[in-house]
Amino acid sequence: MKPRILLAAGIAAATMTACGGGEQASQVTADTATEPTEIVITDAELEGNPFRDDWDTPFGVQPFESIQDEHFMPAFKKGVLEMRAEIDAITNSPAAPTFENTILAMEKAGDSITRVLYTFSSLTGTELNDNLKQLQTEIWPMWSRETDAITLNQKLFDRVVAVYDQRDSLDLGEQEARLLELTHRRFVRAGAALTPEVKAQVSEINAELSTLTTKFAQNLLAATKAFTIELTDEADTVGLADDFKANIWNEDKSAWVLTLDRSVYETFMTQSENRDLRKQMFDGYTNRANSGGLDNGPTLIKIAQLRAQRAELMGYESHAHYQLETRMAKTPQGAEDFLLQVWRPGIERAKQERTDMQAMIGDEFTFEAHDWWHYSEKIRKARFDLDENELKPYFDLNAVRNGAFVMANRLFGLKFQQVNVPVWNDVVTAYEVRDDDGSHLGIFFMDMYARESKRGGAWMNSYRAASNIGGNEIRPLVTNNMNLATPPEGEPTLMRFSEVETLFHEFGHGLHGIMTKIDYPTFSGVDGPRDYTEFPAQILEHWTSQPEMLELYAKHYETGEVIPEDLVERLLAAANHNQGFATTEYIAASLLDLRWHMLSSAEAAEITDADAFEREILEGYGLIPEIEPRYRSQYFSHTFAGGYSAGYYAYLWSEILDADGFNAFKEAEDIFDPATAARLKKWVYQAGGLKEADELYRNFRGADPSIEPLLEGRGFAVETTGGP
Ligand SMILES: [Zn+2]
């Protein structure tokens, strides 16, 4: 079976990188009940189903033209039955458990289901329709129960343990030893080693959590939708840009309608000159789902309590201890200590920003939380005089993409050649990627434009994972997705600088998928500890603004002139504007997430008031009243409805690695330094999950990461003295 799918109760988490931390709602959370479904499927239902055929397309790419929505469910069911038969063959084998007949056999199982699910999860990200939406609600819960049934299969686990216990005498290769280690770990962490009584209790808790996290998400959605402000008087729109006003205009109501969508909220809070309305919006946003029938307080307390109970049953101090055991941070205290090192300079900067804004306001009124966005933007304009439209002509998509390819060539020797292969949408372009020795690495797709059927944001996913078992080498099919606006016919696609950074970011995930030299799907790809996997993506963002790179790719689309230096300087100077606020609101939420999950079962049982708990925690860290955490508890869906419990800190953690990692090139005084690039290639982009993340990093860097480059990157003075 292919654990990248198997591990993930929600496949979105498995085959897609979740970048940027939007308010994602995975279809299925990690908390699910176990009960395999009875499946019946006839040969007639499979007739003409392309998932049952061999694909003789170039590079074995999916024959997209032949795949219809109605092909998924029958192929999925057949794939499940085949996988069950493969697992049964392992568990019922009369032969003594060996690495080959147990661990390797599991790794090979599930081929047909894997191909269906990789296709399904990828296509539902970009070509979603009502049929596929309906299928999502059927396929993912079934799949989740199926995978739970495998990890809690006692006979299978007994065989895994039998092999694991002989590991020192098996004389396994490095990759095989790692596969055994990770397979055993996956079973143990799912609860396979518990007694039947405790397993039953854990299952009970999982089922209850599944219901509660769904309720949390539904309450939040309803509460968010319940709040609107209708503006009918043009005077109330003072400050709002024309394109934003056009966006929020509602013809039926003859009014501009304000909602709590993050983009509407941020834009309004930034642009509106009406202080009373800003306060109304702020109160609406920050008090979502914390009173009345949609109050998430009792629900999230119960979620925290159940997670703490489950952790205790599994032998852990807290849910955070369980979650962090396999991450780089290792312990909740490790994560908290790290956050506080950035928190202290961050909040000092935020206080300075507050002072600056009060100075701009003068004596007229006292600056408050709902003024932050608005005055921060006023200061940015006054200080940096930066207009996005001045920059965009230098960032034409074709040139930016070529810049990324040239970077990959100069760092790693890769070559990209556009190829004609089947694609799922006409806007998609495809490239064959070859290694420095000319060998084929995989196919890289770019799907860059927004459309109705495509989810928002930017991400990387795979149509096929890499593997090389028994001499059968399969190379990956990797995709980068963005949501750029389609330009008018014949016009170039001009990008904002932040979009250029995003393109390089996703390209980094893409290279992590495509350059792998790992033979086993369990650890051949981009997944790994949450606080590590953003590193290969984030580090490439550093190249976007290097003068040598800009000369290569940032050229005016009409004149070919390289972007002027003063424009670059203003761009870089503005990058750290308002960093105190951004750092503080993010870390406040990260600390809140950690502390909810650092509670022991007994401590959690004492909590009755979510607001009071939150206030006590944040005041304890010295949060200032003008800043709210990026997510308050009642609308913190990452942690109470998504897969980020005790993990929201991970975005910043990865930043230690990318800032410190890029410093290796700076120390070599060459952003393409061959020796540094060779180590990065070998120990990061080619290595998947071959070793624990901290070991991979040390092999690349020759040392543990240092936090100073991150602090410098954010424009914070580095603390040089230890304090109490
Ligand atoms: Zn990412």
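Computed from a prediction, not measured in an experiment: that's the story for all the values here. (Residues numbered from 1 in each chain as written. Predicted model: local features only at pLDDT ≥ 70, side-chain atom pairs only at ≥ 80, totals over all residues. Heavy atoms only, no water.)

Describing the packing of helix H11 (residues 262–271) against helix H16 (residues 372–384)
Going by this rule: To obtain each axis, a line is fitted to C-alpha atoms, and for helices this fit is confined to the stretch in contact; angles are then taken between N-to-C directions over 0 to 180 degrees. Elements are defined by DSSP. Helices are runs of H or I of four residues or more, strands are runs of E of two residues or more, and each kind is numbered from the N terminus. Note that the term roughly parallel is reserved for angles under 35 degrees, roughly antiparallel for angles over 145, roughly perpendicular for angles of 65 to 115, and oblique for everything else. Note on convention: near helix rotated counterclockwise from far helix by under a right angle means a left-handed crossing. Clockwise means right-handed. Residues are treated as being in contact if the distance between any of their heavy atoms lies within 4.5 Å. Gly is placed with the polar residues, together with every amino acid not listed as nonpolar (Ala, Val, Leu, Ile, Met, Phe, Trp, Tyr, Cys and Pro) or charged (Asp, Glu, Lys and Arg).
At a minimum axis distance of 6 Å, the contact between H11 and H16 shows a crossing angle of 60°. Classed by the angle they form, the pair H11 and H16 counts as oblique. The two elements H11 and H16 meet at a crossing, and its hand is right-handed. Contacts from Arg 262, Tyr 265, Glu 266, Met 269, Thr 270 and Gln 271 of H11 reach H16 at Trp 373, His 374 and Glu 377. For the contact of H11 with H16, the class distribution of residues is 3 nonpolar, 3 polar and 3 charged.

Observations regarding helix H7 (residues 154–165)
Operational definition: To estimate the expected span of a helix, count its residues, drop one, and scale the result by 1.5 Å. Burial classes follow relative accessibility: with a 1.4 Å probe on protein chains only, a residue under 20% of its type's maximum area counts as buried, one over 50% as exposed, and anything between as partly exposed. Taken from the helix axis, the directions to the C-beta atoms give the arc we talk about. Any pair of N or O atoms that falls within 3.5 Å is considered a polar contact. Within protein, one atom must be able to donate a hydrogen and the other to accept it, and sequence-neighbouring residues count only if both atoms are side-chain atoms.
With 12 residues, H7 extends 16 Å between its outermost C-alpha atoms, agreeing within 8% with the 16 Å of an ideal straight helix rising 1.5 Å per residue. When we look at burial in H7, the residues that qualify are Leu 156, Phe 157, Arg 159, Val 160, Val 163 and Tyr 164. Taken down its axis, H7 places every buried residue within 160° of arc, on the same side. Each element contacted by the buried residues of H7 is listed here: helix H3 (72–91), helix H4 (99–108), helix H6 (130–151) and helix H8 (174–190). Sitting at the head of H7, Asn 153 places a side-chain oxygen 3.1 Å from the backbone nitrogen of Lys 155.

Quick notes on the pattern of salt bridges
In plain terms, the rule: Any carboxyl oxygen of Asp or Glu that lies within 4 Å of a side-chain nitrogen of Lys or Arg is treated as forming a salt bridge with it.
If you walk through the whole model with that rule in mind, you get 41 salt bridges. In this structure, the salt-bridge partner of Glu 348 is Lys 351, at a minimum N-O distance of 3.7 Å. Note that Glu 348 and Lys 351 are positioned in helix H15 (residues 332–361) at a spacing of 3 residues, about one turn of the helix. Residue class for Lys 351 comes out partly exposed when judged on its relative accessible area of 29%. Here Glu 432 ties to Arg 434 by a salt bridge, and the two come within 3.1 Å at their closest N and O atoms. For Arg 434, a relative accessible area of 34% puts it in the partly exposed group. Each of Glu 127, Asp 447, Arg 451 and Lys 454 takes part in one network of salt bridges that share partners.

Looking at the domain arrangement of the protein chain
Accessible area lost upon the coming together of the parts is a frequently used measure of interface size. Worth spelling out the cut-off: Each domain's limits were defined by an automated method or a database of domain assignments.
By the assigned domains, the protein chain splits into domain 1 (3–30 + 35–151 + 153–190), domain 2 (228–274), domain 3 (294–383 + 581–644) and domain 4 (391–575). Computed from C-alpha atoms alone, the centre-to-centre distance between domain 2 and domain 4 is 35 Å.

Quick notes on the sheet that holds strand E5 (residues 429–434)
Convention followed: Pairing between strands requires that DSSP locate at least two bridges from one strand to the other.
Here we have 5 strands laid out as an open sheet, ordered E4-E5-E6-E10-E7, and mixed in their pairing. The outermost strands of the open sheet, each flanked by one partner alone, are strand E4 (415–418) and strand E7 (459–464). The sheet shows a mean angle of 30° between the axes of neighbouring strands, direction not considered. Two strands pair when backbone bridges link them, and E5 and strand E6 (residues 440–449) are joined in this way by 6 bridges, in the antiparallel orientation.

Considering unusual backbone geometry
For Asp 171, which is not a glycine, the phi torsion comes out positive at approximately 55°. Assignment of secondary structure puts Asp 171 in the loop between H7 and H8. A relative accessible area of 74% means that Asp 171 is categorised as exposed. A positive phi is found at Glu 669, a non-glycine position, where the angle reads about 55°. Relative to the helices and strands, Glu 669 is located in the loop between helix H28 (650–667) and helix H29 (674–685).

Observations regarding the packing of aromatic side chains
Put simply, the test is: Two rings from Phe, Tyr or Trp (for Trp, the six-membered ring) form a pair when their centres are within 6.5 Å of each other. A pair whose planes differ by under 30 degrees is stacked, one over 60 is edge-to-face, and the rest are tilted. Placement of a positive charge over a ring is assigned whenever Lys NZ or Arg CZ falls within 6 Å of the ring centre and within 35 degrees of the normal to the ring plane.
For the coordinates displayed, the defined rule picks out 50 aromatic pairs. Both rings, one in Tyr 316 and one in Tyr 322, keep their centres 5.2 Å apart while their planes meet at 85°; by these two values the pair is edge-to-face. Taken individually, Tyr 316 and Tyr 322 each receive the classification buried, so the pair is uniform in this respect. When the centroid spacing of 5.8 Å and the interplanar angle of 85° are considered together, the rings of Tyr 631 and Tyr 648 count as edge-to-face. In this pair, Tyr 631 sits in the loop between helix H26 (610–621) and helix H27 (637–640) while Tyr 648 sits in the loop between H27 and H28, placing the two residues 17 residues apart along the sequence. Of the residues examined, Tyr 631 reaches a relative accessible area of 3% and is grouped as buried. Here Arg 115 stacks its cationic end above the ring of Trp 55, 3.8 Å away from the centre of that ring. Cation over ring: Arg 288 sits above Tyr 285, and NZ or CZ is 4.2 Å from the ring centre.

Re the sheet that holds strand E2 (residues 249–250)
One open sheet accounts for 3 strands, arranged E1-E3-E2; its pairing is antiparallel. The strands lining the two open edges of the sheet, one partner per strand, are strand E1 (229–231) and E2. As paired elements, E2 and strand E3 (residues 255–258) share 2 bridges and run antiparallel to each other. Along E3, the bridge assignment pairs Trp 249 with Trp 256.

Quick notes on the confidence of the model for the protein chain
Formally: Scored from 0 to 100, pLDDT reflects the predictor's confidence in each residue.
Here the protein chain averages 91 in pLDDT, and 94% of its residues register 70 or above. In this model, residues 720–724 is a region of pLDDT below 50 whose contacts with residues beyond four sequence positions or in other chains number 0 contacts.

Here we look at the nonpolar core
Definition in use: Each nonpolar core is a collection of buried residues, namely Ala, Val, Leu, Ile, Met, Phe, Trp, Tyr and Cys, held together in the definition by side-chain atoms within 4.5 Å.
By size, the foremost hydrophobic cluster in this structure holds 208 residues, and its most contacted members are Phe 395, Leu 511, Trp 543 and Trp 596. Setting aside residues no more than four positions away along its own chain, Trp 596 makes contact with Leu 300, Ile 301, Ala 304, Ile 607, Ala 610, Phe 613, Ser 633 and Phe 640. Of all hydrophobic cores here, the second largest spans 7 residues; its members include Val 202, Ala 311, Met 314 and Tyr 322.

Quick word on the side chain of Asn 290
On the secondary structure map, Asn 290 appears in the loop between helix H12 (275–286) and helix H13 (297–313). For Asn 290, a relative accessible area of 16% puts it in the buried group. Excluding anything up to four places from it in sequence, Asn 290 contacts Asp 295, Asp 611, Arg 632 and Gln 634.

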